[in-house]
Protein chains: 2
Amino acid sequence: MSEKVVIIGGGAAGPKTAAKLRRENPDIKIELYTQEDIISYSACGLPYYIENIIQSPETLIMRTPEDFRKQNIDIYLKSRCLKVDTEKQTVLIEDLVSNNKYEINYNILVIATGASPIIPNIRNINLKNIYTLRTIDDGIKIKKKMLESNKAVLLGGGYISIELLEALVSNNIQVTLIEKNSQILKMFDEDFAQRVTDYIIGRNPGQVSILTNEEVIEFRGNDEGEVKKVITASGKEIETDFVILGTGVRPNTDFLEGSNIELGIQNSIKVGNTMRTSQANVYAAGDCTDNFNLVTNRYTWVPMGSTANKEGRCAAINIAGGHCSFDGILNSTITKYFNLTISIIGISYKEALELGFQPEYAIVTKRDKAGYMPDSSMMTLKLIADRNTHIILGIQGIGEGEVNQRINTVIPAILGKTKLETFMNLDLPYSPPYSPAIDPILNAAQIIYQKIKD
Amino acid sequence: MSEKVVIIGGGAAGPKTAAKLRRENPDIKIELYTQEDIISYSACGLPYYIENIIQSPETLIMRTPEDFRKQNIDIYLKSRCLKVDTEKQTVLIEDLVSNNKYEINYNILVIATGASPIIPNIRNINLKNIYTLRTIDDGIKIKKKMLESNKAVLLGGGYISIELLEALVSNNIQVTLIEKNSQILKMFDEDFAQRVTDYIIGRNPGQVSILTNEEVIEFRGNDEGEVKKVITASGKEIETDFVILGTGVRPNTDFLEGSNIELGIQNSIKVGNTMRTSQANVYAAGDCTDNFNLVTNRYTWVPMGSTANKEGRCAAINIAGGHCSFDGILNSTITKYFNLTISIIGISYKEALELGFQPEYAIVTKRDKAGYMPDSSMMTLKLIADRNTHIILGIQGIGEGEVNQRINTVIPAILGKTKLETFMNLDLPYSPPYSPAIDPILNAAQIIYQKIKD
């Protein structure tokens, strides 16, 4: 092949595509363009860098441009993609150092431009010390500011805010988290979101405040233009040294306006299970693409680092002439707040109701190991299944116990549409240091099945 | 119902059946007979009692006879079942205190007599301080002896010996483990058994010896009749203060000889998925029953506490007129040696070959969390799938990392006959404290799939 593959984006999916494609095809020409000055880093690790669990930001870089160049992959840093012309098969690139613009041609294009934080429309949003967290540079700035501060405000109650909250709390910052909805972690059922809130407040009463149903309408600064106060719709005035916006992200697809590449939900790029876009020789992977939800059978947009890696790999295999099908996602997410694991897979009870399922649920609060093992810990699982089909629709888990183990047990069962009556007798390995004789996740299935039968 | 249900056996399955049946039916008469003087205890926890992770043996008792009596379940301790007459619907019981024998009648019988250690035919096996570990009494005796000893010999290289080895090593005992096969943990592939051996020896060089291909032919005692030496076929003479036999177990079904209750593999009781025996009104559950292996589609006998609990529950539901199907097992087992988790599900590579599959495997050694997280640990997974069907046949995992999480992820996939190409893109939740962006278990599936395609 004397074809040239051009990859736009240097986060997770782009470099993954490049590396896998090189392994699949030693000869094909590969060029990767990114607007940043590094590539291939773990943005998901940034909260742990800020917390200082990881000391150096370089630790988060998986592979350097030099590593890629050794594999005969041409890396162009600080090079932004402005426009794609699918008929001419060209991309317009802007060199962010010289501001020169130039066109490059491709035979196959891979769009992996990721997503960017949404900047909410709030008065004085441009004051100093109001941050978003997406790049390593963002992380370095936040950490530096945190180390000289006492108070912070987090906007938004999603995973990134929970992770930043841990980082700030462990660095002795007084934190106010402000969420405009009635609960934090809006993908969870309200009862589970409340459990997380209770844990957070209970762990550090006085140090953390969580305000829900509260909207920020204005920032106020000092003479140096530094944010000093956060004003809410209900009239609260919260003093702060800095603010971090965790108010969502959106796909980086503006540059595709006017191209023939079809966009889907929330302006993400429509891709099929081969990662091909509406244009046969254009692929897309990672946070800029849409996702197919295998529980709801609907398209959705859930940008995740794990999905980005899988999609990049799949795109590479297909570009190389192989076959890889990335069929979809289960909205699987996990995070932690200190020792508390927080995870949801599939859909919540309220979402199941909204979607027209006939959901039934069970909540079990049990120890993760045999109760007599001194290092056993509690966890609470909420399993959701459909009354008609007996198929598992979702699982929420929180606790200091081994939640991830139980969550993962449910995932292939959701994917495989395993019925409750089969799942509840699943042969999970048992030994007192690992679980009770009947694992709590099986208890949950037994309870729902009993409810459905009654 | 004025029916009487008689349950024989007080380990895990019998009490479970009784308790669940009482919840399903508040009125039915339930009598439970056991030859021991306690019921409803966790035999699996005994090694941790010996190790002194658990201080009191009472901790292992889940429910006392008094607890059961409060639920109107009649418990008869020290009462051994000698014979079952399925035509007269009677059981002959021996009172082990008075040695009186008497017949009781039943409408429905549940046999849950468990299993007992196999005593190998070795010269002087009756010397003092040669133990087996099955009951709490056994555990108390072993712990007492251990605390006044310096040296021990463990016979057999199965899970119980690995668990006892941990207990003895952490109590500063010099231990020799003797295994007659060429490897310990014979359900594992040889390479994985070797990894465990290397870990054990590497952790405490000089304190532990593991002898394989070595058979014990004689014990020698002192004038008090206490074992002092273990003599092997190759001529080794090993000094010891006590010996624990971990040389397998067999189902307690001798008393069924001459009855109409059909026995199956290794003299375990043949049961269907309703836990019914060959006699319509006789059920069996727990270690005394056979098992159906859902990977090999063959009957097997794998006595496990988790299976006993599920079977007891199922038997109770069916006796109460409900419907519960216990379809089979996957040979799922797990144990640990200090920080090393050791687990196998399904079949090994060698077993797959023996059974006529066309197995392919992948071994991955990776960190369990993002590599930059300071508390990440290594683990090694060996995934096995069939080249023809792409179906996963088994998984072996060992390591200080979170092996159980990965093992459990594979289990519903084995049960659901999920193909590699689906499994390898499974949407597992990702966050740096929980896994790398692509989980090692998915890497393993990707590698096998690549091998199969090549």
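Residues numbered from 1 in each chain as written. Chains lettered and ligands numbered in written order. Predicted model: local features only at pLDDT ≥ 70, side-chain atom pairs only at ≥ 80, totals over all residues. Heavy atoms only, no water.

**Some words on the interface of chain B and chain A**
Then step 1. Counting from both sides, the interface comprises 67 residues of chain B and, opposite them, 67 residues of chain A.
Then step 2. Both faces combined, the contact of chain B with chain A buries some 5,600 Å², and carbon together with sulfur accounts for 60% of it.
Then step 3. Joining chain B to chain A, the criterion identifies 24 residue pairs in polar contact (both at pLDDT 80 or more).
Then step 4. Among the secondary structure elements, those contributing two or more residues to the side of chain B that touches chain A are helix H1 (13-24), helix H7 (305-319), strand S21 (333-337), strand S22 (340-346), helix H9 (403-415) and helix H11 (440-453) of chain B.
Then step 5. It is H9 of chain B that provides the largest number of residues to the side of chain B that touches chain A, a total of 9 residues.
Then step 6. Along the lines of polarity and charge, the residues of the side of chain B that touches chain A split into 35 nonpolar, 23 polar and 9 charged. (Contact = heavy atoms within 4.5 Å. Buried area = accessible area lost by both parts, 1.4 Å probe. Polar contact = N/O pair within 3.5 Å; in protein donor to acceptor, adjacent residues only side chain to side chain. Helix = DSSP H or I, 4+ residues; strand = E, 2+ residues; numbered from the N terminus. Nonpolar A, V, L, I, M, F, W, Y, C, P; charged D, E, K, R; others polar.)

**Describing the nonpolar core**
Then step 1. Counting residues in each nonpolar core, the largest one holds 159 residues, and the members touching the most others are Ile111 and Leu383 of chain A together with Ile111 and Leu383 of chain B.
Then step 2. Beyond its immediate sequence surroundings of up to four residues, leucine 383 of chain B is in contact with Glu360, Tyr361, Ala362, Ile392, Gly394, Ile395, Val410, Leu420, Ile441, Ala444, Ala445 and Ile448 of chain B.
Then step 3. Grouped together as the second largest cluster of nonpolar side chains are 48 residues, Leu60, Val169, Leu185 and Phe188 of chain A included. (Core = buried A, V, L, I, M, F, W, Y, C linked by side-chain atoms within 4.5 Å. Buried < 20%, exposed > 50% of the residue type's maximum accessible area, 1.4 Å probe, protein only.)

**Description of the sheet that holds strand S12 (residues 208-211) of chain A**
Residues and elements named next belong to chain A.
Then step 1. One open sheet accounts for 5 strands, arranged S9-S16-S10-S11-S12; its pairing is parallel. Either end of the sheet is taken by a strand with one partner, and the two such strands are strand S9 (130-132) and S12. Geometrically, the sheet is characterised by an average inter-axis angle of 20° between neighbouring strands, direction not taken into account.
Then step 2. The pairing of strand S11 (residues 174-178) with S12 spans 4 bridges and is classified as parallel. The partner of valine 175 across the bridge, within S12, is valine 208.
Then step 3. In the packing of helix H4 (residues 136-147) onto the sheet, contacts are made with S9 and strand S16 (242-245), and the angle to S9 comes to roughly 140°. (Pairing = 2+ DSSP bridges. Axes fitted to C-alpha atoms, helices over the stretch in contact; angles between N-to-C directions.)

**Looking at the relation of the copies chain B and chain A**
Then step 1. The transform that puts chain B on chain A rotates by 180° and translates by 0.0 Å along the axis, for an RMSD of 0.0 Å. Both chain copies can therefore be described as sitting about a two-fold axis. If distances are taken from each C-alpha of chain B to the rotation axis, the shortest is found for glutamine 405 of chain B, at 2.1 Å.
Then step 2. With an isologous cut-off of 70% or more, the 99% of interface residues of chain B that recur at the interface of chain A puts this contact in the isologous class. (Least-squares fit on C-alpha atoms with pLDDT ≥ 70 in both.)

**What to know about the domain arrangement of chain A**
As a measure of interface size, the accessible area lost when the parts come together is often cited.
All names here are of chain A.
Then step 1. Here the domain parsing of chain A yields domain 1 (4-41 + 59-115 + 250-319), domain 2 (130-247) and domain 3 (340-453).
Then step 2. Taken over C-alpha atoms, the centre of domain 1 sits 37 Å from the centre of domain 3.
Then step 3. With 4 residues of domain 1 at the contact, the number on the domain 3 side is 8 residues.
Then step 4. Note on domain 1 versus domain 3: buried area summed over both sides is about 470 Å², and carbon and sulfur give 73% of it.
Then step 5. Contact with domain 3 buries surface across domain 1, with Leu294, Val295 and Thr296 losing the most and accounting together for 79% of the total.
Then step 6. Taken together, domain 1 and domain 3 are joined by 0 salt bridges. (Domains from an automatic or database assignment. Salt bridge = Lys/Arg side-chain N within 4 Å of Asp/Glu carboxyl O.)

**Quick look at the pattern of salt bridges**
Residue and element names in this part refer to chain B.
Then step 1. Under the criterion given, the structure shown has 46 salt bridges over all chains.
Then step 2. Here aspartate 287 and arginine 134 are joined by a salt bridge, their closest N and O atoms 2.6 Å apart. Placement of the pair is aspartate 287 in the loop between strand S18 (282-284) and strand S19 (291-293) and arginine 134 in the loop between strand S9 (130-132) and helix H4 (136-147), with a sequence separation of 153 residues.
Then step 3. By relative accessible area, arginine 134 is classed as partly exposed at 26%.

**Observations concerning the packing of aromatic side chains**
Then step 1. Under the defined criterion, the tally for this structure stands at 12 aromatic pairs over all chains.
Then step 2. Plain terms: the ring middles of phenylalanine 292 of chain A and tyrosine 299 of chain A are 5.0 Å apart, the flat faces sit at 65° to each other, and that makes the pair edge-to-face.
Then step 3. We classify phenylalanine 292 of chain A as partly exposed; its relative accessible area is 25%.
Then step 4. Residues tyrosine 131 of chain B and phenylalanine 242 of chain B carry aromatic rings whose centres are separated by 6.2 Å and whose planes lie at 70° to one another, so their mutual orientation is edge-to-face. One end of the pair, tyrosine 131 of chain B, is in strand S9; the other, phenylalanine 242 of chain B, is in strand S16 (residues 242-245), and 111 residues separate them in sequence. As far as burial versus exposure is concerned, tyrosine 131 of chain B and phenylalanine 242 of chain B are alike and both buried.
Then step 5. An aromatic cluster is defined as three or more aromatic residues linked by ring pairs; in this entry it consists of Tyr199, Tyr337 and Phe338 of chain A. (Phe/Tyr/Trp six-rings, centres within 6.5 Å; stacked < 30°, edge-to-face > 60°.)

**Brief notes about H9 of chain B**
Residues and elements named next belong to chain B.
Then step 1. With 13 residues, H9 ought to run about 18 Å at 1.5 Å a step, and its terminal C-alpha atoms sit 19 Å apart, in line with that.
Then step 2. The buried fraction of H9 is high, at 12 of 13 residues.
Then step 3. Among all positions of H9, only Val403, Asn404, Gln405, Arg406, Ile407, Asn408, Thr409, Val410, Ile411, Pro412, Ala413 and Ile414 are buried.
Then step 4. Among the residues trailing H9, lysine 417 stands out with phi positive, at a value near 55°. (Expected span 1.5 Å × (residues − 1).)

**So, the state of the cysteines**
Then step 1. If you walk through the whole model with that rule in mind, you get 2 disulfides over all chains.
Then step 2. Residue pairing for cysteine 314 of chain A: its cysteine sulfur links by disulfide to cysteine 324 of chain A, the two sulfurs lying 2.0 Å apart. Every disulfide takes its handedness from the sign of the S-S torsion; for cysteine 314 of chain A and cysteine 324 of chain A that torsion is -50°, giving left-handed. In this pair, cysteine 314 of chain A sits in helix H7 (residues 305-319) while cysteine 324 of chain A sits in the loop between H7 and strand S21 (333-337), placing the two residues 10 residues apart along the sequence. An identical accessibility class is assigned to cysteine 314 of chain A and cysteine 324 of chain A; each is buried.
Then step 3. The cysteine cysteine 44 of chain A is free of any disulfide, with cysteine 288 of chain A supplying the nearest cysteine sulfur at 15 Å.
Then step 4. With no disulfide of its own, cysteine 288 of chain B lies 11 Å from the sulfur of cysteine 81 of chain B, the closest cysteine sulfur. (Disulfide = S-S within 2.5 Å.)

**Observations concerning the environment of cysteine 288 of chain B**
Then step 1. If you trace the backbone, cysteine 288 of chain B turns up in the loop between S18 and S19.
Then step 2. Sequence separation between cysteine 288 of chain B and serine 116 of chain B is 172 residues; the distance between their C-alpha atoms is 9.5 Å.

**With respect to the sheet that holds strand S14 (residues 227-232) of chain A**
Residues and elements named next belong to chain A.
Then step 1. Ordered in space as S13-S14-S15, the 3 strands form an open sheet in which the pairing is antiparallel. With partners counted over all chains shown, the strands left at the sheet margins are strand S13 (216-221) and strand S15 (237-239), one partner each. The average undirected angle you get between the axes of adjacent strands in this sheet is 25°.
Then step 2. Where S14 and S15 come together, 3 bridges link them in antiparallel fashion. In the sheet register, isoleucine 231 faces S15, and the bridge partner there is glutamate 237.

**Thoughts on the pairing of strand S25 (residues 392-399) of chain A**
Residues and elements named next belong to chain A.
Then step 1. Of all the 8 residues making up S25, 8 are buried; the element is thus mostly covered by neighbouring parts of the structure.
Then step 2. Relative to S25, strand S22 (residues 340-346) is paired through 6 bridges, and the arrangement is antiparallel. Residue pairing in the sheet places serine 343 in a bridge with glycine 397 of S25.
Then step 3. Where strand S24 (residues 378-386) and S25 come together, 7 bridges link them in antiparallel fashion. Pairing of alanine 385 across the sheet is with isoleucine 392, part of S25.
Then step 4. Here S24 folds back onto S25, and the loop between the two strands holds 5 residues, one of which, histidine 390, carries a positive phi near 65°.

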